[in-house]
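Chain by chain, the residues run as shown.
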Amino acid sequence: MKLPLNQTWDLDAFFPGGSGSAAFAEHLKVLQASIAAFQEEVRTTAPPQNADDTAALASLVERYQHNLKHIIEADSFVGCLLADNQKDKKAPALNGQVKSLSAEHLSSLTHFDQVLTGIPDDVWSAILHKEPFAGVAFALEERRALAKEKLAPEMEALINDLAVDGYHGWGDLYNSTVGQFGMTIEEDGKSVTLSAGQAFNKLHTENREERLALFEKWESAWADKAEYCAEALNHLAGFRLQVYKYRGWDSVHKEPLAINRMEEKTLKVMWDVIDRNKDIFVDYLNRKAKLIGVDKLAWVDVDAPLGDSSKKISYDEGAALIVDQFKPFSPKLAAFSEQAFEHRWIEAEDRPGKRPGGFCTSFPIKGESRIFMTYGGTLNNVSTLAHELGHAYHSHVMTDMPQLAQEYAMNVAETASTFAEMIVADAVVKQASTDDERIVLLEDKIQRAIAFFMNIHARFIFETNFYAERRQGLVSSERLSELMVEAQKLAYKDALSSYHPHFWAAKLHFYATDVPFYNFPYTFGYMFSAGIYARALQEGAEFEDKYVALLRDTGSMTVEALAQKHLGVDLTEPDFWQSAVDMAIVDVKQFMALTEAKVK
């Protein structure tokens, strides 16, 4: 890998000129015409009544995938512009155009659904075995089944149209609010105003007094934005609940479970197994409290480093570390990652004006991905980078497949990313030269389990309870904070001395309009990837091709079928989930043994 690496991404490879790109304007123009052509075509297409009369349907499926691919390309580009520079005044307008086009596309699909549901069942079964339908049979069958549970096409089209300035508009308001976030601190004798992403990175300092003071400012800064955030969150939830009411859907989990191609029984057994095993993780939290000299950890202590973390890992060092650890497990993943680093697929520069968090987004026409984060030189940043590269690799191995077969759900999307993260974390711990170094690295690894088993669980509990109260009316910002603390206490088994009341405002996942309940899929991905990682450890390099085969199937079956086919396990039973938790418990037991003498 050629060093030094550039820490800013290349977006001109898609549409030169940023938010003023003439090529992007032309892309939107062509896309609008293509959506209009599909709308006209779908309105004049009658459902085929025999399996030999499928030319018109085949044309619709081809146009559908073409439009979908071009919408994703546009949405990814605008998403990158918005994240890269929140002061870019043109990007929000472009985002509005893309959202409008996406709404038109979704509205046209309501008529496409009418065509699908109008095909007799016996004819439908025969059609799915023929090309070009066989390669996307799962996606089409899924769409047809869901269409039967929705409202009439004209009603669904109206919902999609109203969502642009209603539903998605509230999500955009939140993003604008975050863009105005500023937290002022003293640094080297100067007053410095940090963006949300920069401020969050600062919370991980090893100095506890400094950490607590920064967290107090962080909480205060979000409290100042709380009314705006509460307004957005209430109306996002209200929109969803109204749609669910008219569709006759009683459970707020129905849509996210369907989106994640997952049974409710699977979700329930996953959380049940985690709950039954939390005591040892509480022991870990209590041990960490003793190690830093307090009775109980505060919220901001949970992710704090143990020992001296002042040594920063440069971006080049982090990249080399990731690639080196990927090689033994998957030479293809390592080579792909080198390409991503060298060809500027990653925006990592630490500068003001960027949105918080990290993400990976795909550009299916170009067959590339882009990764966004703010790299501050911490081990956590290295983990995030490995995580996002896993996402990018997942998209990469599917680029030759039909677009509908590439549409995998969020929970399995988190599988590849978390698998990549595990490889790096495990390797770093094993390479530690002293027990003290091993303790620090092991603790960093265990933090991920705490995040997925407790932090994510708190988000799930909060969101479930919030929706229950939102059915009765608007929920105040004060009550949202109460609900959040209640959920955190339950998820952490009240093991902390203080919590994060305004987490509901600070976490952008609650405001995502593409995926409701943007939480439990992370835990699923973590545990599913733990099972895959265990299999990779057993089989070594031979597992690489099997891993790629699993990833390529993620858009074409339910998670239960995927696990059965590639791992031979039943996700609706506790055994697999217990084996996944057991891997994290091994780490905790090792940590407890290594630190026992330090607290006597």
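Everything below is about the structure printed above this text.
My aim in this report is to walk through the structure given alongside it, one point at a time. Predicted model, so just to flag it, every value in this text is computed and none were measured.

The rules behind the values
- Residues numbered from 1 in each chain as written.
- Predicted model: local features only at pLDDT ≥ 70, side-chain atom pairs only at ≥ 80, totals over all residues.
- Heavy atoms only, no water.
- Helix = DSSP H or I, 4+ residues; strand = E, 2+ residues; numbered from the N terminus.
- Rg over C-alpha atoms; globule rule 2.2 N^0.38 Å.
- Buried < 20%, exposed > 50% of the residue type's maximum accessible area, 1.4 Å probe, protein only.
- Contact = heavy atoms within 4.5 Å.
- Lys, Arg positive; Asp, Glu negative; His and termini not counted.
- Charge placed at Lys NZ, Arg CZ, Asp CG, Glu CD.
- Patch = residues over 30% accessible without salt bridge, like charges linked within 9 Å, V, L, I, M, F, W, Y side chains within 5 Å.
- Areas by Shrake-Rupley, 256 points an atom, 1.4 Å probe, with all protein chains shown as cover.
- Salt bridge = Lys/Arg side-chain N within 4 Å of Asp/Glu carboxyl O.
- Core = buried A, V, L, I, M, F, W, Y, C linked by side-chain atoms within 4.5 Å.
- 1 Å grid on protein atoms, 1.4 Å probe; cavity = no way out; pocket = protein on both sides within 12 Å on 5 of 7 lines; lining within 4 Å.
- Points joined across faces, edges and corners; volume = space filled by probe spheres on them.
- Pairing = 2+ DSSP bridges.
- Axes fitted to C-alpha atoms, helices over the stretch in contact; angles between N-to-C directions.
- Expected span 1.5 Å × (residues − 1).
- Arc of directions from axis to C-beta.
- Phe/Tyr/Trp six-rings, centres within 6.5 Å; stacked < 30°, edge-to-face > 60°.
- Lys NZ or Arg CZ within 6 Å of the ring centre and 35° of its normal.
- Polar contact = N/O pair within 3.5 Å; in protein donor to acceptor, adjacent residues only side chain to side chain.

A separate point is the overall build of the protein. If you tally the helices and strands in the protein, you get 24 helices and five strands. Scaling as 2.2 N^0.38, a compact globule of 600 residues should have a C-alpha radius of gyration of about 25 Å, and the protein matches this with 24 Å. Dimensions of the protein, computed from C-alpha atoms along their principal axes, come out at roughly 80 × 50 × 50 Å. Buried positions account for 56% of the 600 residues belonging to the protein. For the protein, the share of sequence-separated contacts (at least 6 apart) that also reach a separation of at least 24 residues comes to 78%. Of the side chains in the protein, 61 bear a positive and 87 a negative charge, and the two mean positions are spaced by 2 Å.

Moving on: a negative patch on the surface. Judged by side-chain charge, Glu263, Asp570, Glu573 and Asp575 come together as a negatively charged surface patch. Within the element layout of this structure, Asp575 appears in helix H24 (residues 574-595).

If you look at the biggest cluster of nonpolar residues, it comprises 178 residues, and the most contacted ones within it are Phe112, Phe453 and Trp504. Residue contributions to this core peak at 16 residues, all from helix H18 (residues 435-470). Apart from residues lying up to four places away in sequence, Trp504 is in contact with Ala226, Cys229, Ala230, Leu233, Phe462, Ser477, Leu480, Ser481, Met484, Phe510 and Tyr511. Of all hydrophobic cores here, the second largest spans 22 residues; its members include Phe15, Val78, Ala83 and Ala91.

Our next topic: empty space enclosed by the protein. Within this structure, the stated rule accounts for two cavities of 30 Å³ or more. One number sums up the size of the largest cavity: a volume of about 60 Å³. Lining the largest cavity, in full, are Leu379, Ser383, Val424, Ala425, Val428, Leu441, Asp444, Lys445 and Arg448. Secondary structure elements with two or more residues in the lining of the largest cavity: helix H16 (379-396), helix H17 (410-430) and H18.

Pairing within the open sheet is mixed, and its three strands lie in the order S3-S5-S4. Every other strand in the sheet has two partners, leaving strand S3 (346-347) and strand S4 (359-363) as the edge strands with one partner each. The sheet strands contacting helix H2 (residues 55-84) are S3, S4 and strand S5 (368-372), and the helix crosses S4 at an angle near 145°.

A word on the pairing of strand S2 (residues 190-194). With five bridges connecting them, strand S1 (residues 183-187) and S2 associate as antiparallel partners. The residue of S2 that forms the bridge with Glu186 is Ser191. Remark: two residues form the turn of the hairpin made by S1 and S2, two consecutive strands paired antiparallel; Asp188 in that turn has positive phi of roughly 55°.

Once that is clear, we can look at a nonpolar patch on the surface. On the surface, Met155, Leu158 and Leu162 cluster together to form a nonpolar patch covering roughly 270 Å² of accessible area. Relative to the elements of secondary structure, Met155 occurs in helix H6 (residues 153-165). Residue classification places Met155 among the partly exposed residues on the basis of a relative accessible area of 38%.

Under the defined criterion, the tally for this structure stands at 31 salt bridges. With a closest N to O distance of 3.2 Å, Asp545 and Lys332 form a salt bridge. Taken together, the residues Asp545 in helix H22 (residues 543-553) and Lys332 in helix H15 (residues 331-342) connect sequence positions 213 residues apart. For Asp545, a relative accessible area of 52% translates into the label exposed. For Lys332, a relative accessible area of 45% puts it in the partly exposed group. The residue Glu347 makes a salt bridge to Lys354 at a minimum N-O spacing of 3.1 Å. This pair shows no difference in class: Glu347 is buried, exactly as Lys354 is.

A word on the side chain of Asn455. As for its placement among the helices and strands, Asn455 is situated in helix H18. On the accessibility criterion, Asn455 (10% relative accessible area) is buried.

The end-to-end C-alpha separation of helix H9 (residues 208-224) is 24 Å, in line with the 24 Å expected for 17 residues at 1.5 Å each. Inspection of H9 places Arg211, Leu214, Phe215, Trp218, Glu219, Ala221 and Trp222 among the buried residues, and these make up the whole buried set. All buried residues of H9 fall inside an arc of 160° around its axis, so they share one side. Residues of H9 that are exposed and point over 90 degrees away from its buried face: Glu209, Glu216 and Asp224.

We now examine the packing of aromatic side chains. All told, the structure shown has 43 aromatic pairs when counted by the stated rule. Taken together, Trp271, Trp299, Phe460, Phe462, Phe466, Tyr467, Tyr492, Phe503, Phe510, Phe517 and Phe520 form an aromatic cluster joined through their ring pairs. Sitting over the ring of Trp249, Arg247 keeps its end group 4.8 Å from the ring centre. Taking the ring centre of Trp249 as reference, the NZ or CZ of Lys254 above it sits at 5.4 Å.

The next thing to look at is the side chain of Thr572. Mapped onto the fold, Thr572 is located in the loop between helix H23 (559-567) and H24. For Thr572, a relative accessible area of 12% corresponds to the buried category. A polar contact of 2.7 Å, which involves the side chain of Thr572, links it to the side chain of Asp570. Every residue in contact with Thr572, bar those within four places of it in the chain, is listed here: Glu263, Lys265, Thr266, Val269 and Glu560.

Where the residue is not glycine, phi is negative for most of them; where a peptide bond is considered, it is trans in most cases. Omega for the bond connecting Leu3 with Pro4 falls within 30 degrees of zero, at 0°, which places this linkage in the cis form. Within the fold, Pro4 resides in the segment before helix H1 (22-43). Residue Glu131 is joined to Pro132 through a cis peptide bond whose omega torsion reads 10°. Considering the arrangement of structural elements, one finds Pro132 in the loop between helix H4 (121-127) and helix H5 (137-147). Residues other than glycine seldom take positive phi values, yet Arg261 does so here, at roughly 50°. Its place among the elements puts Arg261 in the loop between helix H11 (254-259) and helix H12 (264-276). Even without glycine at this site, Asp494 takes up a positive phi of about 55°. Mapped onto the elements, Asp494 comes out in the loop between helix H19 (477-491) and helix H20 (503-506). A residue is classified by how much of its surface remains accessible, and Asp494, at 39% relative accessible area, is partly exposed.

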